Amino acid sequence: MKEKIFIEGGKKLSGSIPIAGAKNSCLTLMPLSLLSDQALSLNNVPLLSDVHTMKELLESLGCEASFHNLKKTIKIKLLREGLFLADYNIVKKMRASILVLGPLLTRFGQGIVALPGGCAIGARPVDMHLMALEALGARFSIDKGYVKGMVAGSLKGCKIKFPFVSVGATANTIMAAVLAKGTTELVNAAREPEIIDLCKCLKSMGCEIEGEGENTIIIEGVTNLRETTHEVVMDRIELGTYIIAAAISDGEIKLTGGNIALLEAFINKLHEVGVEVTQASDHLRVKRLKSNVINCTNIVTEPFPGFPTDLQAQMMALLSIANGVSNIEEKIFENRFMHVPELIRMGANIKIDGRKAIISGVDQLKGAPVQATDLRASVSMVLAGLVANGNTVIDKIHHIDRGYENIIEKLTACGAVIKRL
Ligand code: EPZ
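The shown structure was predicted, so the numbers you read here are calculated from the model rather than taken from an experiment. (Residues numbered from 1 in each chain as written. Predicted model: local features only at pLDDT ≥ 70, side-chain atom pairs only at ≥ 80, totals over all residues. Heavy atoms only, no water.)

J.: So what exactly am I meant to see when it comes to the domain arrangement of the protein chain here?
T.: In many reports, interface size means the accessible area that the parts give up when they come together. As far as domains go, the protein chain holds domain 1 (5-20 + 234-420) and domain 2 (23-231). Taking only C-alpha atoms into account, the centre of domain 1 sits 30 Å from that of domain 2. Of the roughly 1,800 Å² buried between domain 1 and domain 2, counting both surfaces, carbon and sulfur atoms make up 52%. Considering only the side of domain 1, the residues that lose the most area to domain 2 are F304, R402 and E405, jointly responsible for 33% of the buried surface there. The tally of links between domain 1 and domain 2 comes to three salt bridges. For R236, the salt bridge goes to E194, with nearest N and O atoms at 2.8 Å. Elements with a minimum of two residues in the side of domain 1 that touches domain 2: α12 (375-387) and α13 (398-403). The dominant element in the side of domain 1 that touches domain 2, judged by the number of residues it contributes, is α13, at three residues. (Domains from an automatic or database assignment. Buried area = accessible area lost by both parts, 1.4 Å probe. Salt bridge = Lys/Arg side-chain N within 4 Å of Asp/Glu carboxyl O. Helix = DSSP H or I, 4+ residues; strand = E, 2+ residues; numbered from the N terminus.)

Next up, the structure:
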């Protein structure tokens, strides 16, 4: 039965929401278990379907993984070597599966991963992953939808310059370089907090890395790694999403575990539109400066530390009820406006011109049946439903469970009228 989400709009949210560990860090950290026979323990793991899919993939590659729901921990240990195939049935559910390629190649000299295929937000090729791994000495062939990598001998460190920033390619190359012979220098590397978190975990395993968080990262290959326990960094995209939930509903929410430092560009834009975000010791507090005022603004999505593409759809929901005309330019993905036709169904006034969206604020959104297309687009429907006049029903909501832990419970606890049908 296709699950749907029902929302009755118009409730001003108030209360507190705990922020979970970052999906995009956890999915990058879990493949580190392939790099050695030592156990990898992760704390603050988000309870998401993608985490279970990654667990399934690692088990198919010979790992034993025990997930503890209540303690939100996972312990993974590679028990059985000699399995190198990431099957299409798993990869097609989750693009992040490509992140096992670097570890497999650097540890075993071979890896076969199904090409992920596109997804709702674009073609999302992996050419830069392969370019960087080839520079380290891997050789690839593409056959029947699988990319097959081989290494004669071991990977050798070198200087790699990414033509443009890729979070996944940066992560994959770091994971390959840590066991390569010699020094690897990554230029134009991704600076995302999830990359910093990955390097922090690798250093606790005995790797030698410097420059993470900057444009250039230097990795010195090592020979053996040790067991480690690592706390997954807070999810800045979940945090930004609930900040907008408070702003759009004209409520006031306390976000425990929130860290304003990971969202500087986003928070600056919220101050511009009239939303106040203040950092206390272990939480953030969010509310509008003036009750019935959201101002328009202009947004360009960029690699970190710029405005995150993963918060573009959510910001568009907020700007659709702003005073005046806002412009959003999506510079990371070629097709990340799938939420626009759905917002228009709810009464938003948005025009698309290539990678630009022009949003003319309206007084009121109206509840309507809408559908979710990708993870962040689906949550922007929830945000619009919170403020819309009337009821909204969102179809195809499996996307939401991939990226938002207990979203119904978290919003209900703040007074939202939201439930699964
Ligand atoms: C990561 O995806 C995130 N996913 C995405 O979050 C996020 O939107 C993206 O980074 C950008 O911040 C995970 O971390 C699991 P990229 P990734 O490589 O690594 C193109 C979410 O909603 N590109 O930085 O796949 C690519 O098509 C998800 O949580 C190539 O052309 O993103 C895109 O246009 C969505 N060739 C741009 O670069 C490549 O080899 C940036 O992609 C790789 C990427």
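J.: Looking at this model, I keep getting lost on the site of the ligand. Mind explaining?
T.: Around the ligand sit 21 residues, and of these D127, M128, S166, D310 and I332 come closest. The contact in question runs from an oxygen atom of the ligand to an N or O atom on the backbone of I332, over 2.6 Å. The side chain of R336 places a nitrogen or oxygen atom 3.3 Å from an oxygen atom of the ligand. For the shell around the ligand, the elements supplying multiple residues, two or more each, are α1 (23-29), α5 (127-135), α6 (167-177) and α12. Considering each element in turn, the shell around the ligand owes the most residues, three residues, to α5. When grouped by side-chain class, the residues that make up the shell around the ligand number nine nonpolar, five polar and seven charged. (Near = heavy atom within 4 Å. Polar contact = N/O pair within 3.5 Å; in protein donor to acceptor, adjacent residues only side chain to side chain. Nonpolar A, V, L, I, M, F, W, Y, C, P; charged D, E, K, R; others polar.)

J.: Help me understand the environment of R80 in this model?
T.: Mapped onto the fold, R80 is located in the loop between β5 (73-78) and β6 (85-86). Beyond its immediate sequence surroundings of up to four residues, R80 is in contact with L61 and G62. (Contact = heavy atoms within 4.5 Å.)

J.: What am I meant to see in the sheet that holds strand β9 (residues 146-151) here?
T.: Pairing between the strands of a sheet is mediated by backbone hydrogen bonds and can be parallel or antiparallel. Strand order across the open sheet formed by four strands is β6-β7-β9-β8, with mixed pairing between neighbours. The sheet is open, and its two borders are formed by β6 and β8 (138-143), each paired with just one other strand. Pairing geometry for β6 and strand β7 (residues 110-114), over two bridges, is parallel. Its bridge partner being in β7, A86 is matched across the sheet by V113. With respect to the sheet, helix α4 (residues 101-108) is in contact with β7, β8 and β9, its orientation differing from that of β7 by roughly 160 degrees. (Pairing = 2+ DSSP bridges. Axes fitted to C-alpha atoms, helices over the stretch in contact; angles between N-to-C directions.)

J.: I tried to follow the side chain of K410 on my own but got confused; where do I start?
T.: Locating K410 in the fold gives a position in helix α14 (residues 407-412). Side-chain polar atoms of K410 contact the backbone oxygen of P18, separated by 2.9 Å. At 2.7 Å, the side chain of K410 and the side chain of E238 are in polar contact. In this structure K410 touches I17, P18, A20, E238, Y242 and E405, once residues within four positions along its chain are discounted.

J.: Would you mind showing me how to read the layout of surface pockets here?
T.: Where empty space is left becomes clear once a probe the size of a water molecule has been rolled over the atoms. Taken as a whole, the second largest pocket spans an internal volume of roughly 380 Å³. Contributing to the lining of the second largest pocket are 26 residues, with R288, I321, D363, Q364 and V387 lying nearest its centre. Grouping the constituent residues of the lining of the second largest pocket by class yields 10 nonpolar, 10 polar and six charged. (1 Å grid on protein atoms, 1.4 Å probe; cavity = no way out; pocket = protein on both sides within 12 Å on 5 of 7 lines; lining within 4 Å. Points joined across faces, edges and corners; volume = space filled by probe spheres on them.)

J.: Help me understand the nonpolar core in this model?
T.: What tends to happen in soluble globular proteins is that the nonpolar side chains get buried as a cluster. Counting 75 residues, the largest nonpolar core has L32, V100, I174 and L202 as the members making the most contacts within it. With six residues, the top contributor of residues to this core is α6. Beyond its immediate stretch of four places on either side in the chain, L32 contacts L40, M175, L198, C201, L202 and M205. Of all hydrophobic cores here, the second largest spans 73 residues; its members include L255, M316, A384 and L411. (Core = buried A, V, L, I, M, F, W, Y, C linked by side-chain atoms within 4.5 Å. Buried < 20%, exposed > 50% of the residue type's maximum accessible area, 1.4 Å probe, protein only.)

J.: Please explain α4 as it appears in this structure.
T.: Residues that lie three or four places apart on an α-helix share one face, since the helix turns once every 3.6 residues. Summarising burial for α4: six of the eight residues are buried, a large majority. Listed in full, the buried residues belonging to α4 are L101, G102, P103, L104, L105 and T106. Each element contacted by the buried residues of α4 is listed here: β7, α5, β8, β9 and α6. Positive backbone phi, at 75 degrees, marks G109, one or two positions downstream of α4.

J.: Explain the packing of helix α10 (residues 312-319) against α12 here, please?
T.: Angle between the axes and distance between the axes are the two parameters that describe a pair of packed helices. Between α10 and α12, whose axes approach to 8 Å, the crossing angle comes to 25 degrees. What the angle tells us is that α10 and α12 run roughly parallel. Both α10 and α12 take part in a crossing whose hand is right-handed. Counting all contacts with α10, which are made through A313, Q314 and A317, the residues of α12 involved are R376, A377, V379, S380, L383 and A384. (Parallel < 35°, antiparallel > 145°, perpendicular 65-115°, else oblique. Left-handed = near helix turned anticlockwise from the far one by under 90°.)

J.: I'm lost on the side chain of S25 in this one. Help?
T.: Relative to the helices and strands, S25 resides in helix α1. When its relative accessible area of 1% is taken as the criterion, S25 is described as buried. Leave out the neighbours within four places in its chain, and S25 touches E194, D197, V232 and V233.

J.: I would appreciate a short explanation of the packing of aromatic side chains in the present structure.
T.: In this description, a pair of aromatic rings is defined by centroid distance and the angle of the planes. Inspection of the entire model under this criterion finds two aromatic pairs. Seen in terms of ring centroids, F84 and F108 are 5.5 Å apart; in terms of plane orientation they differ by 50 degrees. Their pairing is tilted. Of the two residues, F84 sits in the loop between β5 and β6 while F108 sits in helix α4, which places them 24 residues apart along the sequence. A centroid spacing of 5.8 Å and a plane angle of 55 degrees characterise the contact between F266 and F307, whose relative ring orientation is tilted. One end of the pair, F266, is in helix α9 (residues 264-273); the other, F307, is in the loop between β18 (298-300) and α10, and 41 residues separate them in sequence. Accessibility expressed as a relative area gives 0% for F266, which makes it buried. Using a relative accessible area of 4% as the deciding quantity, one classes F307 as buried. (Phe/Tyr/Trp six-rings, centres within 6.5 Å; stacked < 30°, edge-to-face > 60°.)

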